[in-house]
Amino acid sequence: MTRDTDAPGTAEPDDDRRSDARAKSVLPDGGAASDDVALDPWGSSAISDYRKLFEQFGIEEFDEVLPEVPSPHYLMRRGVIFGHRDYRPVLEAMCEDEPFAALSGFMPTGDPHIGHKLVFDELIWHQERGGDAYGLIADLEAHSARGLSWDEIDEHARDYLLSLLALGFDPDEGELYRQSANRDVQDLAFELGAEANFSELQAIYGFDGETDVSHMQSVVTQMADILYPQIDEPKPTVIPVGPDQDPHVRFARDLAARTRYFGVTQAYASFEATPAERALLGRAYETLDGEVEDGTVRCVNAAEWLEEADVDDPVDALEGALEKLHAAGKEPLRPRTRFLDRNATDEAFEALIEAVEGEKRVYDAHIDSFELSREEAEELAREVELAHGGYGFRAPSSIYHRFMTGLTGGKMSSSIPASHISLLDDPETGYDKVNSATTAGRETAELQRELGGEADKCPVYELYAYLLAGDDDGFAKEVYDECVGGERLCGDCKEQAARLMREFLEEHQEKRAEAETLLEELDFELESER
Ligand code: TRP
């Protein structure tokens, strides 16, 4: 299934205009949005241009994997989920009925609102497709990074859980926990902390000498949250979050790799090469294979070729490769798969040597196999690691959703009641908030009929696309087409949205009330013992 580019969505090109308006507005915390350079998990998360996230941070476009998603969620179909990091392994596991997990966390700093509902829905969707689902309350983070008291945290935590349960999260199949009460997470955080140092936290999060240690601890705790689903068994895991959390995802992917016993890479000779040097060696090998006189490509041949060939690779890669090739002299240049010893115990390293079948060469801190493919080697490395007490973590994946625009323009923020609709809002309040929301309508009804509305810039249209139209693409498209076609005027459109919102809140709150008993039965520490 492919995404219909004409379908109503918020991913359309002229999104720019809306985003510009958003970026210029002054944010609630008093600062102007500056998101060009950094994604800041504790900053004001207005994103001025989602495309930059692809270019600057290497987030991949969700549309590329969409055709592989079995009956995609409407948030995926409508481009609300716009990006991902390495989501394919999760999809493969889902399609092949293999284990996978989905985990996300919530800082209990205020009421859960309709923006959080996106993430609740994403977790539930993965759970319904067979994933182990985890929802956690980031109480340590709320306390250390936002200064909330334990009483406030307990109250909000309850509200998040009730909404998650009301929307369909199955607590018998999945797991709910709070960071402070999960001993395994704390232990894993401690282990992961041994792989991270202050300079990194400084580089990633802008921490400095004034940052409290507890805030740093909440970071390693989040790293542990992200890897927690794999504590008993490695499996593809998706973290559905907003793009402001991407620094955490990247860091968790790094830490996961650092804990591994062995690294697996491609190599061409006994020496170690940087990825850029390796690319040059690979090209030399491809060119010379079958071309040299005695049939064996040697390091010197590659050096000679590289000196002649007019490569425009970075100079230091070229110089590095040449130096290493000259030093290796007559050693044959031969592609191989390399196992690097990272954190392996001696026994694990010995066991791996035994386990590599076929032609191999053993060095001090690496083993070269001439027969195993990269994938076979990865699998073997993980097997040996698991058999010798390692975690064998897979790099966690993520999917990213757009932030909802606030009802008053600007960003939707928990700290500005009029900007959001809380899942706890009285249905009448919800109705009123929608009715007084900003729209992207024209100045007069005449102009609106003539030019059509600008649905792509409209917070009220967003409500339909993200929530009110639910799974009904036909309805969402109708609202969109009628708006841009000039048939739908803002007053009536808001009235309809307001009624739908009232209905949604009524129903959701009934379900929340029903979820109370379920929540009491759960093994969840609802009250902090502090
Ligand atoms: N940092 C997240 C937030 O600000 C909360 C969080 C804690 C989280 N642990 C997590 C999110 C693990 C995703 C996965 O909302």
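Predicted model only: the values in this text are computed from it and were never measured.

This paragraph deals with the overall build of the protein chain. Per the secondary structure count, the protein chain includes 22 helices and eleven strands. Over its C-alpha trace the protein chain gives a radius of gyration of 27 Å, about what one expects of a compact globule, namely 24 Å for 530 residues. In terms of overall dimensions, the protein chain has C-alpha extents of about 85 × 60 × 50 Å along its principal axes. Taking as baseline every contact in the protein chain between residues at least 6 positions apart, the subset at least 24 positions apart corresponds to 76%. On the protein chain, roughly 23600 Å² of surface is accessible, and the fraction owed to carbon and sulfur atoms is 45%. When the 50 basic and 117 acidic side-chain charges of the protein chain are each reduced to a single mean position, those positions are 3 Å apart.

So, on to the nonpolar core. Counting 72 residues, the largest nonpolar core has Phe62, Tyr87, Ile114, Tyr461, Tyr464 and Met501 as the members making the most contacts within it. Residue contributions to this core reach at least three from each of two domains, namely domain 1 (51-259) and domain 3 (417-521).

Here we have four strands laid out as an open sheet, ordered S7-S8-S10-S9, and antiparallel in their pairing. Both edges of this open sheet fall to strand S7 (262-267) and strand S9 (360-362), since each of them pairs with a single strand only. Between one strand axis and the next, the sheet turns by 20 degrees as a mean value, whatever way the strands run. Bridge count between S9 and strand S10 (residues 366-369): three bridges; the pairing is antiparallel. In the sheet register, Lys360 faces S10, and the bridge partner there is Ser369. Taken strand by strand, helix H17 (residues 374-387) contacts S7 and strand S8 (336-341), and its axis lies near 160 degrees from that of S7.

Glancing now at the confidence of the model for the protein chain. With 92% of its residues at a pLDDT of 70 or more, the protein chain has an overall mean of 90. Here residues 1-37 is modelled with pLDDT under 50, and outside its nearest four sequence neighbours on either side it reaches 77 contacts, counting other chains as well.

On to the domain arrangement of the protein chain. Looking at the protein chain, the domain boundaries give domain 1 (51-259), domain 2 (264-387) and domain 3 (417-521). On a C-alpha basis, the centroid separation for the pair domain 2 and domain 3 is 58 Å.

What follows covers helix H13 (residues 275-288). Three- or four-residue spacings in an α-helix give side chains the same orientation, since the helix completes a turn every 3.6 residues. With 14 residues, H13 ought to run about 20 Å at 1.5 Å a step, and its terminal C-alpha atoms sit 20 Å apart, in line with that. Turning to H13, its buried residues are Glu277, Arg278, Leu280, Leu281, Gly282, Ala284, Tyr285 and Leu288. The secondary structure elements touched by the buried residues of H13 are S7, helix H14 (299-308) and helix H15 (315-328). In the stretch just after H13, Gly290 is the one whose phi turns positive, near 85 degrees.

The ligand sits among 14 residues. The nearest are Gly105, Glu141, Gln222, Asp225 and Gln245. Gln222 is positioned with one of its side-chain polar atoms (N or O) 2.8 Å from a nitrogen atom of the ligand. Between a nitrogen atom of the ligand and a side-chain N or O atom of Gln245, the distance comes to 2.9 Å. Considered on its own, the ligand offers 360 Å² of accessible surface; in the complex 92% of this is hidden by protein.

This next bit is on the packing of aromatic side chains. We describe a pair of aromatic rings using the distance from one ring centre to the other and the angle between the two ring planes. Inspection of every chain in the model, using the stated rule, returns 15 aromatic pairs. Between the aromatic rings of Phe62 and Tyr87, the centroid separation amounts to 5.8 Å while the plane-to-plane angle is 40 degrees, which identifies the pairing as tilted. Of this pair, Phe62 sits in helix H3 (residues 62-65) while Tyr87 is found in the loop between strand S2 (81-85) and helix H5 (88-95), placing the two residues 25 residues apart along the sequence. Residue Phe62 shares its accessibility class with Tyr87, and that shared class is buried. A network of ring pairs unites the aromatic residues Tyr50, Phe54 and Phe82 as a single cluster. Just above the ring of Phe370 sits the side chain of Arg334; from NZ or CZ to the centre is 4.1 Å. Across from the ring centre of Tyr50, 4.4 Å away, lies the NZ or CZ of Arg402, which sits over that ring.

The rules we used
Numbers given to residues run from 1 along each chain, matching the order in which its sequence is written. Since the coordinates come from a predicted model, pLDDT governs what is reported: local features require at least 70, and pairs of side-chain atoms require 80 or more to be given and counted, while whole-chain, interface and lining totals use all residues. Only hydrogens and water are set aside; all other atoms, that is, all heavy atoms of the structure, feed into the side-chain values. Numbered from the N terminus, helices here are DSSP runs of H or I no shorter than four residues, and strands are runs of E no shorter than two. Only C-alpha atoms enter the radius of gyration; for comparison, a globular chain is expected to reach 2.2 Å times N to the power 0.38, where N is the number of residues. In what follows, residue pairs with any heavy atoms lying within 4.5 Å of each other are defined as contacts. Reported accessibility uses the Shrake-Rupley method at a 1.4 Å probe radius. Residues are deemed covered only where the shown protein chains occlude them. The charge count includes Lys and Arg as positive and Asp and Glu as negative, but it does not include His or the ends of the chains. Each charge is placed at NZ for Lys, CZ for Arg, CG for Asp and CD for Glu. Within this scheme, the nonpolar core is defined by two criteria: the residues are buried Ala, Val, Leu, Ile, Met, Phe, Trp, Tyr or Cys, and they are joined through side-chain atoms within 4.5 Å. For the exposure calls, accessible area comes from a 1.4 Å probe over protein chains only, and a residue counts as buried if that area is under 20% of its type's maximum, exposed if over 50%, partly exposed in between. Where each domain starts and ends follows an automatic or database-derived domain assignment. By definition, two strands form a pair when at least two bridges between them are found by DSSP. As a rule, the C-alpha atoms of each element are fitted with a line to give its axis, helices using only the stretch in contact, and angles between N-to-C directions run from 0 to 180 degrees. pLDDT: the predictor's confidence for each residue, scored from 0 to 100. A helix is expected to span 1.5 Å for every residue after the first. Nearness of a residue to a molecule or strand requires only that one of the residue's heavy atoms be within 4 Å of it. Two N or O atoms count as a polar contact when they lie within 3.5 Å, although within protein this holds only if one can serve as hydrogen donor and the other as acceptor, and sequence-adjacent residues are included solely when both atoms are side-chain atoms. Aromatic rings from Phe, Tyr and Trp, with only the six-membered ring used for Trp, were paired whenever their centres fell within 6.5 Å, and each pair was classed as stacked if the ring planes differed by under 30 degrees, edge-to-face if by over 60, and tilted otherwise. We count a charge as sitting over a ring when the NZ of a lysine or the CZ of an arginine lies within 6 Å of the ring centre and within 35 degrees of the ring normal.

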